[in-house]
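Residue strings, one per chain:
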Amino acid sequence: MTGISLSVLRRSLCTVKAVTVSFAIFAAASMSAKAEAADFTHISAMKPSMPYIVQSDSGGSVKKRLEDIYALRISQRRVEIRGAACLSSCTLLLGLSNACVSPTTVFGFHGPSRRGRPLSKQQFEQVSRIIAAQYPPEIQFWYLNEARFALADMNMRTGAELIAIGAASPCDPTDRPRPHAGLS
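Predicted model, so just to flag it, every value in this text is computed and none were measured.

A. A look at the layout of surface pockets. Roughly 480 Å³ of internal volume is contained in the largest pocket. Lining the largest pocket are 24 residues, with Gly 60, Ser 61, Val 62, Pro 112 and Ser 113 sitting closest to its centre. The element contributing the most residues to the lining of the largest pocket is helix α3 (residues 121-134), with 4 residues. By residue class, the composition of the lining of the largest pocket is 11 nonpolar, 10 polar and 3 charged.

B. Looking closely at α3. Compared with an ideal rise of 1.5 Å per residue, which puts 14 residues at 20 Å, α3 spans 20 Å between its outermost C-alpha atoms and is within 8% of the ideal. Listed as buried for α3 are Phe 124, Ser 128, Ile 131, Ala 132 and Gln 134. Angular distribution of buried residues about the axis of α3 spans 145 degrees; they occupy a single face of the element. Turned more than 90 degrees from where α3 packs its buried face, Gln 122, Gln 126 and Ala 133 sit exposed. Close packing links the buried residues of α3 with α2 (62-75) and α4 (137-145).

C. The arrangement of the sheet that holds strand β6 (residues 155-158) in detail. The mixed open sheet is built from 3 strands, whose spatial order is β3-β5-β6. Of all the strands in the sheet, the pair left with one neighbour each is β3 (85-87) and β6. Across the sheet, the mean angle separating the axes of adjacent strands is 20 degrees when strand polarity is ignored. Of the pairings in the sheet, the one linking β3 to strand β5 (residues 106-109) comprises 3 bridges and is parallel in character. Across the sheet, the residue bridging to Leu 87 is Gly 108, located in β5.

D. Quick peek at the packing of aromatic side chains. In this structure the tally under the stated criterion is 4 aromatic pairs. Their ring planes at 85 degrees and their centres at 5.0 Å tell us that Phe 109 and Trp 142 sit as a pair that is edge-to-face. Of the two residues, Phe 109 sits in strand β5 while Trp 142 sits in helix α4, which places them 33 residues apart along the sequence. Just as Phe 109 is buried, Trp 142 falls in that class too. Connected via pairs of aromatic rings, a cluster forms that spans Phe 109, Tyr 135, Trp 142 and Tyr 143.

E. Region of interest: the packing of α2 against α3. In the contact formed by α2 and α3, the axes pass within 12 Å of each other and the chain directions differ by 30 degrees. One element, α2, and the other, α3, form an angle in the roughly parallel class. In this structure, α2 meets α3 at a crossing whose hand is left-handed. Between α2 and α3, the residues in contact are Val 62, Leu 66, Ile 69 and Arg 73 and Ile 130, Ile 131 and Gln 134, respectively. When grouped by side-chain class, the residues that make up the contact of α2 with α3 number 5 nonpolar, 1 polar and 1 charged.

Reading the values: rules and limits
Residues numbered from 1 in each chain as written. Predicted model: local features only at pLDDT ≥ 70, side-chain atom pairs only at ≥ 80, totals over all residues. Heavy atoms only, no water. 1 Å grid on protein atoms, 1.4 Å probe; cavity = no way out; pocket = protein on both sides within 12 Å on 5 of 7 lines; lining within 4 Å. Points joined across faces, edges and corners; volume = space filled by probe spheres on them. Helix = DSSP H or I, 4+ residues; strand = E, 2+ residues; numbered from the N terminus. Nonpolar A, V, L, I, M, F, W, Y, C, P; charged D, E, K, R; others polar. Expected span 1.5 Å × (residues − 1). Buried < 20%, exposed > 50% of the residue type's maximum accessible area, 1.4 Å probe, protein only. Arc of directions from axis to C-beta. Contact = heavy atoms within 4.5 Å. Pairing = 2+ DSSP bridges. Axes fitted to C-alpha atoms, helices over the stretch in contact; angles between N-to-C directions. Phe/Tyr/Trp six-rings, centres within 6.5 Å; stacked < 30°, edge-to-face > 60°. Parallel < 35°, antiparallel > 145°, perpendicular 65-115°, else oblique. Left-handed = near helix turned anticlockwise from the far one by under 90°.

Have a look at this one:
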């Protein structure tokens, strides 16, 4: 041999493996970041003057919805929730200052879970607070004290109810119902 000890060779091999693994992780993270950035293009690439219209939306990942909300805030696009239903993570759009709703849209609120499976007590509390922070103040207290404990069912509210308590604005100003005491 050329004077390289077996232990030095092993350490070098471990270093090469570590660098290879690090590079693979970096490459995967870069591709993921590019994919996430591409996901924002459907929202942020459009002109702020074009409204983002939400038809019926059954929800999905809170993380993904928070990314969409971030892109919508950056783009400053008006958000119009006009479909038959806005369920689960879709309801987080209510916290956008430029969002409006149809009085006939049904909103479904429930507590956080991992694809229907309960979270640990600590995760449940943390994610519940993240979700509540997205809502208008008129919804936050109700969500933390009632709606988040519904895991199998949803707490349903109409756009008219949310408009009545001041938690949402109507997309059509003529759709403003009479004031209401609050969610119960």
